[in-house]
Structure formats: C-alpha cells, structure tokens
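Architecture at a glance
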Amino acid sequence: MEEGNKIPKSASSRLCCRCNERKPALKRPKTLEQICRKCFYEVFEEEIHQVIVGNQLFKAGERVAIGASGGKDSTVLAYVMSELNRRHNYGLDLFLLSVDEGITGYRDDSLETVKRNEVQYGLPLKIVSYKELYGWTMDEIVKVIGLKNNCTFCGVFRRQALDRGAAYLKVDKLVTGHNADDIAETVLLNILRGDVARLSRCTSITTGEDGPIPRCKPFKYTYENLNQNHTYAYFKKLDYFSTECIYSPNAYRGFAREFIKDLERIRPRAIVDIIKSGENFRISTSTKMPEQGTCERCGYISSQKWCKACVLLEGLNRGLPKLGIGRSRGLENGNGNRKDMEQNGDVRSIESKQCGSLDF
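The text that follows walks through the structure, step by step, so that each part is easy to find. For clarity, every value in this text was computed on a predicted model and none was experimentally measured.

Points about the pairing of strand β5 (residues 125-129)
Taken together, the five bridges between strand β4 (residues 93-100) and β5 define a ladder with parallel strand orientation. The residue bridging L96 from the neighbouring strand is L125, located in β5. Taking the sense of rotation as the criterion, the β-α-β connection linking β4, helix α3 (residues 107-121) and β5 turns out right-handed.

Section: the pattern of salt bridges
This structure, assessed with the given rule, holds 21 salt bridges. The partner of K38 in a salt bridge is E42, and the shortest N-O contact between them spans 2.7 Å. Of this pair, K38 and E42 are both found in helix α1 (residues 37-54), four residues apart, which corresponds to roughly one turn of the helix. Exposure remark for E42: the relative accessible area of 42% places this residue in the partly exposed category. Among the ionic contacts, a cluster of salt bridges with common partners joins E45, E83, R86 and R87.

Considering the sheet that holds β5
In space, the six strands of this open sheet follow the order β5-β4-β3-β6-β8-β7, with mixed pairing throughout. Sheet topology places β5 and β7 (206-207) at the edges, where each strand pairs with a single neighbour. Alignment of β7 against strand β8 (residues 215-216), held across two bridges, turns out to be antiparallel. Bridging across to β8, T207 finds its partner in R215. Sheet strands in contact with helix α6 (residues 150-169) are β3 (63-67), β4, β5, β6 (173-175) and β8, and its direction is about 145° off that of β4.

As for the side chain of S302
Within the fold, S302 resides in strand β10 (residues 301-302). Since its relative accessible area comes to 9%, S302 is described here as buried. A polar contact of 3.0 Å, which involves the side chain of S302, links it to the backbone nitrogen of Q304. Polar side-chain contacts of S302 include one of 3.3 Å to the backbone oxygen of W306. Those residues within four positions of S302 in sequence are excluded, and the remaining contacts are E291, Q292, G293, T294, C295 and C307.

About the thresholds
- Residues numbered from 1 in each chain as written.
- Predicted model: local features only at pLDDT ≥ 70, side-chain atom pairs only at ≥ 80, totals over all residues.
- Heavy atoms only, no water.
- Pairing = 2+ DSSP bridges.
- Helix = DSSP H or I, 4+ residues; strand = E, 2+ residues; numbered from the N terminus.
- Right-handed = clockwise from strand over helix to strand, strands pointing away.
- Salt bridge = Lys/Arg side-chain N within 4 Å of Asp/Glu carboxyl O.
- Buried < 20%, exposed > 50% of the residue type's maximum accessible area, 1.4 Å probe, protein only.
- Contact = heavy atoms within 4.5 Å.
- Axes fitted to C-alpha atoms, helices over the stretch in contact; angles between N-to-C directions.
- Polar contact = N/O pair within 3.5 Å; in protein donor to acceptor, adjacent residues only side chain to side chain.

In structure tokens form, the structure reads like this:
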C-alpha cells in the first residue's frame, strides 16, 4: 500500500470513525477520515453510485461497454459497475471492450488479465485489434516511426478502434476509468497547448454526445492521490495488470502527471480545484471552433476532409510515416489529386490515456 495511506502507529488503537467498531485501515485523502476496509468499500462504491445517479449517466435498458485495458482503473471500473448494476438495478447490459494495439510483452499480457476478468465478472468481452482495423501493429509502427511520435499514432488509432468496437457491440454508451487526476492533467495539457476546443469540453463527465458513441467517466471525482483505486483493488484482491507501456517513457503527459502528483502531495484538493477551473472557463464567442463533419475516406467523425487516422495511415502505407505528424499540407489521395489538408494540430492531445489522452 502507498506509504501515505498507512495509519500512524500512534493511531492504531483508534476505531473507524464511521462504524466505530473496527480498526481503521486507511486515511481518505478527500476527508482525512480514518476508516476500516468495510466502510471504505461502502463509501467508495456509494460515491460512484451518486455520481452515476446525480449526472444521469445511464438509462435502464441501455447497452454499455466498459473500456477494459487490464489496468487497475479499468478493472476497478468493471468490478464496481457490475456490482452497482446488480445492487441498484440499473438495468444495464454490460460488456468489456478492449483494444489490442499489438505491443508484444505488454498488451498481450494485459489482455490475458481482461480475459480472466470476463470470467470473473461474467461480462462478455470484445477485443478489436490495430492489425485487423489498420493493417499495422504498434510494434510495426515503432519500427518505422521510432519512439518520439509513436504515442500519436497509438492514441488516434485507439480512439477510433474503441468507437468501432462499441459500434460492433451496438452499445449506447462507453465508460472509461479516467479519474480526477487524469482530467486535471488534461486541463493542464490543453492550457499548455492552447487547445481551446478541447479545453472547453475536457472536464465534461460525458463527452462525444454529438459523435457515434457518448463516453462517460464515473470516476471523474475519484482522486488517485493516496491511490483510492489502487487501495480498492488491493483490498478487494482484484485481478489487474500493472506494467507500464514499454513505448511511453517520454510521453508529454508524463511531465504533467509528475507536476500534478507534486501538487497533490502539498494540497490534495488542488486536483478538484483544477477541474473546477476547467469547468468554469468561458470561451470567447469570437473564437473559431472546428466544425465536425465526417471523413471522406472512411466515414469517421472529423473536422477535416480526412480524419487523423486516415492521414496517419496514408503516411504509413506510402512509406512517409511522419506525413501526418503536427501541421502538414499537400497530402495526396489515392487518385493523385492534391488535398489541401491543413492539420490543426488535432493529433496533439489524442494520445492514449497513459501517454496523453482523455479518450481511454
């Protein structure tokens, strides 16, 4: 368990401040309450339930896909969603949805965890792969692009892969395990990048309502400080995968993550304050926002003639892997006609959750 979660020895004789029956097992970062395991389970699950109910995230009868990577956040999400759906009779049909990026020694191992979760929680599992959708694995992409921009490809492909998997399952919503720390990091990243369009919506608990599949974040107000999800998974002995992606050591988000963690150590509520600040940003009416349309090539949502996935894929297939990175002009389609593809830097904040996105 994290060092900051341990109860001081001087307090070991105290009782849980909620039930006053059992010895406390941890101190909660939100309230500084010293509570026992049983009360922690109850409080944690009830808070998620209240977020779901208070924000009307779901309706009875909906089909909901849970983004499952095998990591602790998505594993806790799958377990809690399954428990709350049964306990409170949400009436949801739940599914696990995973993406196989084709990263040997990382994703293949984590998918084995997800397959065990499928059995443990009794939830149907659908796995979509980059190889099937795009004809490339991340291992193959890294061989030609290197480690500098690989997260760009992974994040763009992952977002579309999730949507395509969700469409295959015919679900109404997709839920992800993004917590308060992830959202605060994204607010900070969008400020640093000057990404007004994403800054205006990155704090929303539900996004993509104008797209193919709305995405919900039930853990929006769950601090990772003192690692609540980790503590919950540890106490519950949940089966999850904890190895970091081998291709993300230099991801831009990592620097923001370290800064956020430093803030949390000094003042845990700084995370919520950053999120609240993001929620209260007002975008000037004179600011030009991108207009959403559909990709002329594959039909996926896009503010350009071609979606970012098609631009990146075209570059890979033509032996010009850096063609779609950052700002570019003059991409030709398969017929040789010049496309004036002024890229608005869309790629900058669509990396994977670990590497830099709020999309999974």
